[in-house]
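# A structural walkthrough
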Amino acid sequence: MVTYSCCPQQTMMKVFIVPLVLLCLWLLQEGADACRCAPRHPQQVFCQADVVISAKVVRMVASAQSEVGLKTIKYVIKQTKMFKGPKKNFDAIYTASSSAACGVTLTTGIKYLLMAGLHSDGSLHITSCDFLKPWDDLSASQKKLLKCYEMGCNCKITRCTDPTCTMSSPTGCYWTDIQMEKLYQHYACFKKGNGSCAWYRGDASPKKHDSIKVKGH
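### Side note on the nonpolar core
In terms of nonpolar packing, the biggest core is built from 18 residues, with Phe46, Val52, Phe83, Leu113, Met115 and Leu146 touching the most fellow members. Within the residue set of this core, elements represented by two or more residues are helix 2 (42–48), strand 4 (111–118), strand 9 (187–191) and strand 10 (197–201). Ignoring any residue separated from it by four or fewer positions in sequence, one finds phenylalanine 46 in contact with Val52, Phe83, Lys84, Met115, Leu146, Tyr149 and Glu150.

### Let's talk about unusual backbone geometry
A negative phi angle is the norm for most residues apart from glycine, just as the trans form is the norm for most peptide bonds. The phi dihedral of cysteine 102 is positive, around 70°, even though this residue is not glycine. For cysteine 102, a relative accessible area of 17% puts it in the buried group.

### Looking at the confidence of the model for the protein
Detailed reading of the predicted model is not advised wherever pLDDT is low. Of the residues in the protein, 72% reach a pLDDT of 70 or more, and the chain-wide mean stands at 79. By mean pLDDT, the top-scoring element of the protein is strand 4 (97), and the lowest-scoring one is helix 1 (residues 7–33) (43). Note that pLDDT drops below 50 for residues 1–9; the model gives that stretch 0 contacts with residues more than four away or on any other chain. Low pLDDT, under 50, characterises residues 208–217; the predicted model gives this stretch 26 contacts beyond four residues in sequence or across chains.

### Here's the deal with the side chain of serine 141
If you trace the backbone, serine 141 turns up in helix 3 (residues 140–145). Once residues lying within four places of it in the same chain are set aside, the contact partners of serine 141 are Gln185, His186 and Gly202.

### Quick word on the packing of aromatic side chains
As enumerated under the stated definition, the model contains 4 aromatic pairs in all. Positioned above the aromatic ring of tryptophan 135, the side-chain terminus of lysine 111 is 4.8 Å from the ring centre.

### Looking at the state of the cysteines
Following the criterion strictly, the structure yields 5 disulfides and no others. The disulfide partner of cysteine 37 is cysteine 129, and the gap between their sulfur atoms is 1.9 Å. Looking down the S-S bond of the cysteine 37 and cysteine 129 bridge, the torsion is -75°, so its handedness is left-handed. Residue cysteine 37 is found in the loop between helix 1 and helix 2, and its partner cysteine 129 is found in the loop between strand 5 (124–125) and strand 6 (131–134); the two are separated by 92 residues along the sequence. Judged by relative accessible area, cysteine 37 falls into the partly exposed class, the value being 35%. Covalent S-S linkage joins cysteine 173 and cysteine 189, the inter-sulfur distance amounting to 2.0 Å. Taking the sign of the S-S torsion, 75° for the link of cysteine 173 and cysteine 189, the bridge is right-handed.

Criteria and thresholds
- Residues numbered from 1 in each chain as written.
- Predicted model: local features only at pLDDT ≥ 70, side-chain atom pairs only at ≥ 80, totals over all residues.
- Heavy atoms only, no water.
- Core = buried A, V, L, I, M, F, W, Y, C linked by side-chain atoms within 4.5 Å.
- Buried < 20%, exposed > 50% of the residue type's maximum accessible area, 1.4 Å probe, protein only.
- Helix = DSSP H or I, 4+ residues; strand = E, 2+ residues; numbered from the N terminus.
- Contact = heavy atoms within 4.5 Å.
- pLDDT = per-residue confidence, 0-100.
- Phe/Tyr/Trp six-rings, centres within 6.5 Å; stacked < 30°, edge-to-face > 60°.
- Lys NZ or Arg CZ within 6 Å of the ring centre and 35° of its normal.
- Disulfide = S-S within 2.5 Å.

Structure representation (structure tokens):
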């Protein structure tokens, strides 16, 4: 009678299981190292950014080692307009080469709205936690509000996870996940005549109109 050993089968199982376990561990580590950003309204990013410009991406330059040891990618840009920042034309913007380190990818030939930070050496840097969007993808309200976001920087915008929370307070404005897209695309937070803060639609001026009540979808 011929007998067969189960050892080869066990060996084959180990051959497949061990790499699978290692792959799972690697994916878990990648998830742990991934860049995480809390949702922010464009006005929040604008008020916290050092520089806000529109610029066209000319080309990407190969990654290089930064002073802190991280690899960065340099994008050569042609600035078209300055909305906030020092009176100078920026011709380059830097980002981390890895998405896990909050790096971003810009497309050559596309004009973007960029809200970014300044390093001590005066260079412009952007992360996925900042704001970047192709100019043509901005809503008409967003383009108009860019000129007056700064007027509302003394109002605090806060994300509210309770759907029953009120949308405004004496010192700021709230947004919920349900209303996020509408507020993101068309509204900004400004002070009213009585000094309290409220949401205003991009086609309404806080100087001429009272606040507009925001309803969920």
